[in-house]
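The residues making up each chain are set out below.
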Amino acid sequence: MLRNLLALRQVTQRTISTTSRRHFENKVSEKQKLFQEDNGIPVHLKGGTSDALLYRLTMALTLGGTVYAIYQLAMASFPKKQN
Amino acid sequence: MTHQTHAYHMVNPSPWPLTGALSALLLTSGLAMWFHYNTLTLLYLGLLTNMLTMYQWWRDIVREGTYQGHHTPIVQKGLRYGMILFIVSEVFFFAGFFWAFYHSSLVPTHDLGGCWPPTGIIPLNPLEVPLLNTSVLLASGVSITWAHHSLMEGKRNNMNQALLITIGLGVYFTALQASEYLETSFSISDGIYGSTFFMATGFHGLHVIIGSTFLMVCLLRQLKYHFTSKHHFGFEAAAWYWHFVDVVWLFLYVSIYWWGS
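Residues numbered from 1 in each chain as written. Chains lettered and ligands numbered in written order. Predicted model: local features only at pLDDT ≥ 70, side-chain atom pairs only at ≥ 80, totals over all residues. Heavy atoms only, no water.

**Some details on the environment of Phe 251 of chain B**
All names here are of chain B. Following the sequence through the fold, Phe 251 ends up in helix α7 (residues 233-259). Phe 251 sits in the exposed class, given a relative accessible area of 52%. For the pair formed by Phe 251 and His 3, sequence separation is 248 residues and the distance between their alpha carbons is 50 Å. Excluding its chain neighbours within four sequence positions, the residues that come into contact with Phe 251 are Phe 98 and Ile 256. (Helix = DSSP H or I, 4+ residues; strand = E, 2+ residues; numbered from the N terminus. Buried < 20%, exposed > 50% of the residue type's maximum accessible area, 1.4 Å probe, protein only. Contact = heavy atoms within 4.5 Å.)

**Points about the environment of Pro 118 of chain B**
All names here are of chain B. Looking at the element boundaries, Pro 118 is found in the loop between α3 (73-106) and α4 (129-152). Expressed as a C-alpha distance, the spacing of Pro 118 and Gly 191, which sit 73 residues apart in the sequence, is 8.8 Å. Not counting residues within four places of it along the chain, the set of residues in contact with Pro 118 comprises Leu 112 and Tyr 193.

**Some thoughts on the UniProt feature "transmembrane region" (unreviewed entry) in chain B**
Residues and elements named next belong to chain B. Taking the numbering used here, the UniProt-annotated feature "transmembrane region" (unreviewed entry) corresponds to residues 16-35, 41-58, 79-102, 129-147, 159-177, 197-220 and 240-260. End-to-end, the C-alpha atoms of residues 16-35 are 28 Å apart, and along that stretch the chain is 100% helix and 0% strand. As annotated, residues 79-102 has a helix share of 100% and a strand share of 0%, and its two end C-alpha atoms lie 35 Å apart. (UniProt positions renumbered as here; feature names shortened; annotations may be inferred.)

**Section: the packing of helix α1 (residues 16-37) of chain B against helix α2 (residues 41-67) of chain B**
Residue and element names in this part refer to chain B. Two elements in contact, α1 and α2, have axes separated by 7 Å at closest approach and are oriented at 155 degrees. Considering the angle they form, α1 stands roughly antiparallel to α2. Seen from above, α1 lies across α2 with left-handed handedness. Here Trp 16, Pro 17, Thr 19, Gly 20, Ser 23, Leu 26, Leu 27, Ser 29, Gly 30, Leu 31, Met 33 and Trp 34 of α1 come into contact with α2, specifically with Leu 42, Leu 43, Leu 45, Gly 46, Leu 47, Thr 49, Asn 50, Thr 53, Gln 56, Trp 57, Arg 59 and Asp 60. (Axes fitted to C-alpha atoms, helices over the stretch in contact; angles between N-to-C directions. Parallel < 35°, antiparallel > 145°, perpendicular 65-115°, else oblique. Left-handed = near helix turned anticlockwise from the far one by under 90°.)

**Here's the deal with the domain arrangement of chain B**
Residues and elements named next belong to chain B. Domain annotation for chain B reports domain 1 (1-70) and domain 2 (73-257). Here domain 1 packs against domain 2, burying approximately 490 Å² in sum over the two surfaces, 68% of which is carbon and sulfur. Sorting the residues of domain 1 by area buried against domain 2 places Tyr 8, Val 62 and Thr 66 first, and these three jointly supply 59% of that buried surface. Inspection of the domain 1/domain 2 interface yields two residue pairs in polar contact (both at pLDDT 80 or more). In the side of domain 1 that touches domain 2, the residues fall into four nonpolar, three polar and no charged. (Domains from an automatic or database assignment. Buried area = accessible area lost by both parts, 1.4 Å probe. Polar contact = N/O pair within 3.5 Å; in protein donor to acceptor, adjacent residues only side chain to side chain. Nonpolar A, V, L, I, M, F, W, Y, C, P; charged D, E, K, R; others polar.)

**Topic: unusual backbone geometry**
Residues and elements named next belong to chain B. Following Trp 116, the chain continues into Pro 117 via a peptide bond in cis, with omega recorded as 0 degrees. Following the sequence through the fold, Pro 117 ends up in the loop between α3 and α4. One non-glycine residue, Asn 38, lies in the positive phi region at around 55 degrees. Within the element layout of this structure, Asn 38 appears in the loop between α1 and α2. Here the phi dihedral of Tyr 225 falls at roughly 65 degrees; this positive angle occurs in a residue that is not glycine. In this fold, Tyr 225 is placed in the loop between α6 (191-223) and α7.

Shown next, in the form of structure tokens:
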């Protein structure tokens, strides 16, 4: 009975340590290889396609928002006359 | 293929200063639109573009330092100077609110009743939740120091735990302070007492949230093995910021909660 308990303890310990290893492995060297590749891509796009998508989204929202802000300013500068 | 022959960091051209500046335009014009025309679109756009800029800008800095190795000792020195100067600027920011508080509370005007707290104001008891908040932040100062020493000694598990505890205490402070805000018998529009109380403690609370977020980013980076026992400036910057937030609270507690009650 005691031997079974000891075996159970070892199994759970092994399972837990494998699980945490799966979640947080040291992938820094892979990242270093990716970002040090001599391809001339600037750092804000060097991670891949998702970088470009996020950049385009940010720029579109920002520029669009700026146009909208200037439009609102123009509207606010010429108030409608009340009769 | 040309390589640099110096130890400094010549950054790649980046769009984030532009998007950051434009997001500031959207935030400010968004506030004006909200105040005067009761519409939130511009403000939301400003907040979103601001968050996107911050995420991508700091993501790039992590890439430049941890993945590309650009943070040489001299570059790190510059980053240290930068963080110190930023915190000094924040000290001056809070100095303004403390100036306003002392200006009004040291010589209370006739319309307040010539006393502080002003007539009709029931201040919070400094020995209740505010004292607990003080102990929470002081304890978080201890736990973050434990985290730092664990990191320097290569004790990974200890560091993870201590940093998690620090973040937990920060979140606990925010929750307690939020509940206190609901408990006050006075609001921000209750004269100069309300104004000075909520502006000073409100901006402090915002800085606790910012500091907690910075620490959470550090925890994520620590779990991903970004920090070494010798090189972990991101964590040190977060720790300095956290200690600053703690010190501001101590001044707030002594001045506004204790002396001012």
